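So you can see what is in the structure, the chains are spelled out below.
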Amino acid sequence: MADIFYALDVLPTNRLVEVTREDLVIGYVGQTAPNTKEKVKTAIGGVFFIDEAYTLKSGGPNDFGQEATNTILPMMLDYKGKMVFIAAGYPREIQEWIDTNSGLESRFTKTIYFEDYTGREMADILRMKASKDQLTLTPEADSVMVEYFDNLYANRGRNFANAREVNNYF
């Protein structure tokens, strides 16, 4: 996305700063906000990508995830037009996180939903991973793998993990 925004002249750089909860939240009072501010500032001119953003949802009084969220919110306005903020995660969990602060919904105004990979697409991903590691599947192994992913996709539940399923199988 950073490369696309840069190529379209939406952003002056293709800088991508990817963070998770562990990069933002520090377990001591008063440290999460300054740490989060510094992380956001490193992305100015590019994309600030929060992976599994829903993990910032507060888990209780000694959980500083909400502090990170509350720190990011005004910065989204301060740097509007100067950077792009992306929050990624599972749809239901992301919605729960957005519901923790009324300002989140008005700031994350675009939603892109990615469909689950099909069984064939997961098989292709595994083949690419194998090739990258200089491994070759026998025809029999390939056939079993395709059948496995087709079955997995056909019987997927709410917690279907897409490419993580491929990594686990690999």
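So, a few notes on the structure that sits alongside this text. Counting restarts for each chain, with residues numbered from 1 along the sequence as it is written. Given that this is a predicted model, residues contribute local features only at a pLDDT of at least 70 and side-chain atom pairs are listed and counted only at 80 or more, while totals for whole chains, interfaces and linings are drawn from all residues. Hydrogen atoms and water are omitted, and side-chain values are computed over all heavy atoms in the structure.

### Section: the sheet that holds strand S1 (residues 16-19)
Strands are labelled as partners when DSSP assigns at least two bridges between them. A run of H or I in DSSP counts as a helix once it spans at least four residues, and a run of E counts as a strand once it spans at least two, with each numbered from the N terminus. What the three strands build is an open sheet, ordered S1-S2-S3; its pairing is parallel. For this open sheet the edge positions go to S1 and strand S3 (84-87), each flanked by a neighbour on one side alone. Looking at each pair of strands side by side, their axes are set apart by 15° on average, direction ignored. Taken together, the four bridges between S1 and strand S2 (residues 47-50) define a ladder with parallel strand orientation. Its bridge partner lying in S2, Glu-18 is registered against Phe-49. Only the contacting stretch of a helix is used when fitting its axis, a line to C-alpha atoms as for every element, and angles between N-to-C directions run 0 to 180 degrees.

### Description of the packing of helix H7 (residues 119-132) against helix H8 (residues 139-154)
Between H7 and H8, the least distance of the axes is 8 Å, while the angle of their chain directions is 135°. Regarding the angle of H7 to H8, the classification is oblique. Every pair of crossing elements has a handedness; the one defined by H7 and H8 is right-handed. Residues Gly-119, Arg-120, Met-122, Ala-123, Leu-126 and Arg-127 of H7 form the contact with H8, whose own contacting residues are Asp-142, Met-145, Val-146, Phe-149, Asp-150, Leu-152 and Tyr-153. We call Asp, Glu, Lys and Arg charged. Ala, Val, Leu, Ile, Met, Phe, Trp, Tyr, Cys and Pro are nonpolar, and the rest, Gly among them, are polar. A class-by-class count of the residues in the contact of H7 with H8 yields eight nonpolar, one polar and four charged. Roughly parallel means an angle under 35 degrees; roughly antiparallel means over 145; roughly perpendicular covers 65 to 115; every other angle is labelled oblique. Definitions for this section: a left-handed crossing has its near helix turned counterclockwise from the far helix by less than a right angle. A right-handed crossing has that turn clockwise. In this analysis, two residues are considered to be in contact whenever any of their non-hydrogen atoms come within 4.5 Å of each other.

### Some thoughts on the nonpolar core
Counting residues in each nonpolar core, the largest one holds 25 residues, and the members touching the most others are Phe-48, Leu-56, Ile-72, Phe-85 and Trp-97. Not counting residues up to four positions away in its chain, the partners in contact with Trp-97 are Ala-53, Tyr-54, Leu-56, Lys-57, Thr-69, Ala-87, Leu-104 and Phe-108. With 10 residues, the next largest nonpolar core counts Met-122, Val-146, Phe-149 and Leu-152 among its residues. In plain words, nonpolar cores are sets of buried Ala, Val, Leu, Ile, Met, Phe, Trp, Tyr and Cys residues tied together by side-chain atoms within 4.5 Å. We call a residue buried when its accessible area falls under 20% of the maximum for its residue type, exposed when it is over 50%, and partly exposed in between, using a 1.4 Å probe and counting protein chains only.

### Regarding the environment of Tyr-90
Of note, Tyr-90 is situated in the loop between S3 and helix H5 (91-98). For the pair Tyr-90 and Pro-34, spaced 56 residues apart in sequence, the C-alpha separation works out to 27 Å. Ignoring any residue separated from it by four or fewer positions in sequence, one finds Tyr-90 in contact with Tyr-54, Phe-160, Ala-161 and Arg-164.

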